[in-house]
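Remarks on the overall topology
Here is how the chains run, residue by residue.
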Amino acid sequence: MTSSASHRNQSSLVRTTRSVLTLLLLISALSVLLTACGSDSHYRAQAEQNKQAFEKELQHASDIGVPDTYLKSIQKQKDALNNTFAPLTLFSLNGQAVDQYYNNLATRYKQLTIQTQGVVPVATQQLQNQASKDLENWQRLLGQQNSKGLPVDTLKANYTASQAKLKTAKLPKDYNAIIAEANTGMKTLNMLGDTAEKLNSFKETIDLMADGKLDVTTYQQKYQTNKDAMGKATSLQDLQKINQQIDADYQQAATQFKSSIPIITQAKIKDLETRLDKLKQNKVETSSYQSQFDALKSMQQTTKTVDEYNAFAKKASALQDAMKFDLLKVDTKLLLDQYHREVEEYSKKYTYFNAPDGQTYALNFEYEQRGLGEDLDKAYNNATTYEEMQQAYTDISNGIFHQRMLGEDYSDKTPYDQPHETDRKLLERYKLQNDLVIVVSFVEQALRIYQNGKVIYAILIVSGRTELPAVPGIWKPLLRDTNMVFKSPFPKGSPYWYEDTPINYGILYHDGGYFLHDSPWRLDYGPGKQFPHTDSGGAASASSGTHGCINMPTEQMRWIYEHTDYNTPIIMY
């Protein structure tokens, strides 16, 4: 290289170096100028400090559960401040504009801090009010759904727990949790009704299947499982799962039931036909029933779906209900006829030879027509409603049972003051094994008092004469009184008339003046004294049985009166 070229290269390097140095000096000077624009770093530091304090307060509000809706305005102002910048003032060396910017920024952050602090108590109070209101609504809805018979015990327990939380709640998040629980509880309660309807539809299908004599054991178990789960549900998700299970179970049952409809409808037709034939055989007018039955037979041919079966079953049930009274009347009459046959048989089988007059008497005369038989005939003939006829049937059935116990007691040689098997059977029939009960045996002319199945008192008595028998059955005291005067219901001159008679203790066991009472004019009690005899006391009024009452000595009647009450049943057989 020539010296001339070398000289030119050196000159070029010097010029480049000078340019770089000049640029560096300018950058350095500009940096100094820019720094000088915020001439007091105190304002910038204060702004940063206030910003941190604000963000801390904002974070605290969020942490304790202040909803975003309460902080939305503050958050918006925060974002706006974050998008501002300090001014560039290259030609103002004192930096007043920059200082003013940071001073304003510090002020705004401080204002936002105060604003955030003010939101917290406002939000807390409003959330507390909302929680209280939601709990009240929850409680009200619980009552409504409970009154509909829905299983609300689990949700009621959840409500009680939330109510307890309200007493100790302090922070917004505490009230938010209670509000959420209340909303969940109310939504679950509302959906509970829908689930109950689904479950009820499933139950109706099961009942239809059972009515059709199908085996529903598995479906009953599924129904109970779903019902138990519904009672434990605490959320919409729980109920949604239960609903899905109920739908699946219902569909399975409905499918099986649909395939069985022809068999079930045929069975119903057969049952109705049997009932109708029974009425015809017993001379009951059946033309109206027959026309309904014929219509049902036609309807059966087109019954294919569950809905069609429902319509068919309702008409079949309506026909059954229409025939119900007449069928019960037939059954009651058949039972009444049986009663009278047995009375006639027993009157020949169970007898008593009475030495004083040389006569033989039927020991079951209380059941004959002049006694209970007449009452049962009246009950049957006067019954005009299903309930009255049902009561007549029950009374006849009891009459048959009591007379059979009389027959068994006739052969029982157990002493009168000891427990009797016939008594035990009667106590068992009326479910009185654990009660205080008075039992009167006409065959033995004895009265026993049982307490919890054990004899605690026993005496001999005199019951009604053959013309005016006592009344077999089970009775409750209608009146209890002392120091009464009995007046004869028969006119003077009647063989049954008696003078006004003072009574010390009396318990009315049946309408018409039938009492358990003391009889001071008698000295003799026990077997056979209900028939004509001569009392050892000589009183003519004591020469036969009573006018339907149960007589006993005064001291024994006093004991019975004092140790029983209006709740003490009286069984007579």
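Residues numbered from 1 in each chain as written. Predicted model: local features only at pLDDT ≥ 70, side-chain atom pairs only at ≥ 80, totals over all residues. Heavy atoms only, no water.

Points about the confidence of the model for the protein chain
Put simply, the rule reads: Every residue gets a pLDDT, meaning the predictor's confidence in that residue, from 0 to 100. Contacts are residue-level and defined by heavy atoms, with any inter-residue pair within 4.5 Å sufficient.
Summary statistics for the protein chain give a mean pLDDT of 92 and a share of 92% for residues scoring 70 or more. Considering only residues more than four positions removed or in separate chains, one finds that residues 23-39, a stretch of pLDDT under 50, has 19 contacts.

Considerations on the sheet that holds strand S11 (residues 570-572)
Going by this rule: By this definition, two strands are paired if DSSP reports at least two bridges between them. Note on conventions: DSSP H or I runs of at least 4 residues are helices, E runs of at least 2 residues are strands, and numbering of each starts at the N terminus. Only C-alpha atoms enter the line fits that serve as axes; for helices the fit covers just the stretch in contact. Angles between N-to-C directions range over 0 to 180 degrees.
The strand order across the open sheet built from five strands is S5-S4-S3-S11-S6, with neighbouring strands paired in mixed fashion. For this open sheet the edge positions go to strand S5 (454-460) and strand S6 (473-475), each flanked by a neighbour on one side alone. For this sheet, the mean angle separating the axes of adjacent strands, direction not counted, is 20°. Note: strand S3 (residues 436-441) against strand S4 (residues 446-451), six bridges, orientation antiparallel. Bridge pairing in S4 links valine 440 to leucine 447.

A short note on helix H4 (residues 96-147)
Basically, it comes down to this: By definition here, a helix of n residues has an expected span of 1.5 Å times n minus one.
In this model H4 runs 76 Å from its N-terminal to its C-terminal C-alpha over 52 residues, within 8% of the 76 Å that 1.5 Å per residue would give. Trailing H4 by a residue or two, glycine 149 shows a phi angle of about 85°, which is positive.

Considerations on a nonpolar patch on the surface
Quick reminder of the rule: Surface patches are defined over residues having more than 30% relative accessible area and no salt bridge, joining like charges when they lie within 9 Å and nonpolar side chains (Val, Leu, Ile, Met, Phe, Trp, Tyr) when within 5 Å. Per-residue and other accessible areas follow the Shrake-Rupley method at a 1.4 Å probe size, with only the shown protein chains counted as cover for residues. The rule for a salt bridge is simple: a side-chain nitrogen of Lys or Arg has to be within 4 Å of a carboxyl oxygen of Asp or Glu.
A surface patch of nonpolar side chains, amounting to about 270 Å² of accessible area, comprises Leu478, Leu479 and Tyr566. Examined against the element boundaries, tyrosine 566 turns out to sit in the loop between helix H14 (554-563) and S11.

Focus on the sheet that holds strand S7 (residues 479-486)
Taken together, four strands build an open sheet; the order of strands is S7-S8-S9-S10 and the sheet is mixed. Strand pairing shows two members of the sheet lacking a second neighbour, S7 and strand S10 (550-552), which therefore form its edges. Averaged over neighbouring strand pairs, the angle between their axes works out to 25° when direction is ignored. Sheet topology note: the S7/strand S8 (residues 501-510) ladder contains seven bridges and is antiparallel. In the strand pairing of S8, aspartate 481 is matched with glycine 506. Of the strands in this sheet, S7, S8, strand S9 (514-518) and S10 are in contact with H14, which crosses S8 at around 45°.

Regarding the side chain of serine 463
This is how the line gets drawn: Here a polar contact is recorded for every N or O atom pair within 3.5 Å, except that within protein the pair must consist of a potential hydrogen donor and a potential acceptor, and residues adjacent in sequence are included only if both atoms are side-chain atoms.
Tracing the sequence through the fold places serine 463 in the loop between S5 and S6. Polar contacts involving the side chain of serine 463 include one to the side chain of glutamine 445, which spans 2.7 Å. In contact with serine 463, not counting residues within four places along its chain, are Glu366, Phe442, Gln445, Ala470, Gln530, Gly545, Thr546, Cys549 and Ile550.

Digging into the pattern of salt bridges
The condition that has to hold: Each residue is assigned to one of three classes by its accessible area relative to the maximum for its type, calculated with a 1.4 Å probe on protein chains only: buried under 20%, partly exposed between the two thresholds, exposed over 50%.
Applying the stated criterion to the full structure yields 20 salt bridges. The salt bridge involving lysine 198 is made with aspartate 247; its shortest N-O contact spans 3.0 Å. In this pair, lysine 198 is assigned in helix H6 (residues 172-211) and aspartate 247 in helix H8 (residues 236-281), connecting sequence segments 49 residues apart. Classification of aspartate 247 as partly exposed rests on a relative accessible area of 36%. With a shortest N-O distance of 2.9 Å, aspartate 207 and lysine 203 are connected by a salt bridge. Of the two residues, aspartate 207 and lysine 203 both sit in helix H6, four residues apart, roughly one turn of that helix. Here lysine 203 falls in the partly exposed class, since its relative accessible area comes to 27%. Three or more residues joined by partner-sharing salt bridges are found here, namely Glu421, Arg424 and Glu428.

Structural notes on the side chain of asparagine 226
With respect to the helices and strands, the residue asparagine 226 is situated in helix H7 (residues 217-232). Judged by relative accessible area, which is 4%, asparagine 226 ranks as buried. Asparagine 226 has contacts with Leu199, Phe202, Ile242, Gln245, Ile246 and Asp249, leaving out every residue within four places of it along the chain.

Some remarks on the packing of helix H2 (residues 41-63) against H4
Two measures define how a pair of helices packs: the angle their axes make with one another and the distance between the axes. What counts here: Working definition: roughly parallel below 35 degrees, roughly antiparallel above 145 degrees, roughly perpendicular at 65 to 115 degrees, and oblique for all remaining angles. Whether a crossing is left-handed or right-handed is set by the direction in which the near helix is turned from the far one by less than a right angle, anticlockwise for left-handed and clockwise for right-handed. Amino acids outside the nonpolar list (Ala, Val, Leu, Ile, Met, Phe, Trp, Tyr, Cys, Pro) and the charged list (Asp, Glu, Lys, Arg) are all regarded as polar, and Gly is one of them.
Between H2 and H4, the least distance of the axes is 8 Å, while the angle of their chain directions is 20°. The angle between the axes of H2 and H4 places the two elements in the roughly parallel class. Where H2 crosses over H4, the two elements pack in a sense that is left-handed. Broken down by class, the residue content of the contact of H2 with H4 amounts to twelve nonpolar, seven polar and five charged.

A few points about the pairing of S3
For S3, a buried count of six out of six residues is recorded, marking the element as mostly surrounded by other parts of the structure. Covered by surrounding structure in S3 are Leu436, Ile438 and Val440 together with Val437, Val439 and Ser441, the residues of both alternating faces. Inspection of the sheet shows S3 paired to S11 by three bridges, in the parallel sense. Following the sheet pairing, valine 439 is matched in S11 by isoleucine 571.

Focus on the packing of aromatic side chains
Heads up, the rule is: Between rings of Phe, Tyr and Trp, where Trp is taken as its six-membered ring, a pair exists when centres lie within 6.5 Å; planes separated by under 30 degrees are stacked, by over 60 edge-to-face, and by other angles tilted.
Taken as a whole and assessed by the stated rule, the structure comprises 16 aromatic pairs. Ring centres of phenylalanine 202 and tyrosine 219 lie 6.4 Å apart, and the angle between their planes is 90°; on these two criteria the pair is classed as edge-to-face. With phenylalanine 202 in helix H6 and tyrosine 219 in helix H7, the pair connects residues that are 17 residues apart, well separated along the chain. Judged by relative accessible area, phenylalanine 202 falls into the buried class, the value being 0%.

Quick look at the environment of arginine 448
Structurally, arginine 448 is set in strand S4. Between the C-alpha atoms of arginine 448 and leucine 460, which are twelve residues apart in sequence, the distance is 8.8 Å. Excluding anything up to four places from it in sequence, arginine 448 contacts Tyr416, Gln418, His420, Asp423, Val437, Ile438, Val439, Ser441, Val455, Tyr457, Ala458 and Tyr573. A distance of 2.6 Å separates polar atoms of two side chains, one belonging to arginine 448 and the other to aspartate 423.

A closer look at the environment of phenylalanine 442
With respect to the helices and strands, phenylalanine 442 occurs in the loop between S3 and S4. As a C-alpha pair, phenylalanine 442 and leucine 363 span 79 residues in sequence and 7.9 Å in three-dimensional space.

Considering unusual backbone geometry
Despite not being glycine, glutamine 445 has its phi angle at roughly 50°, a positive value. Counting through the fold element by element, glutamine 445 comes out in the loop between S3 and S4. Given the relative accessible area of 0%, glutamine 445 is considered buried. One non-glycine residue with positive phi stands out, namely asparagine 452, at about 55°. Mapping asparagine 452 onto the fold places it in the loop between S4 and S5.

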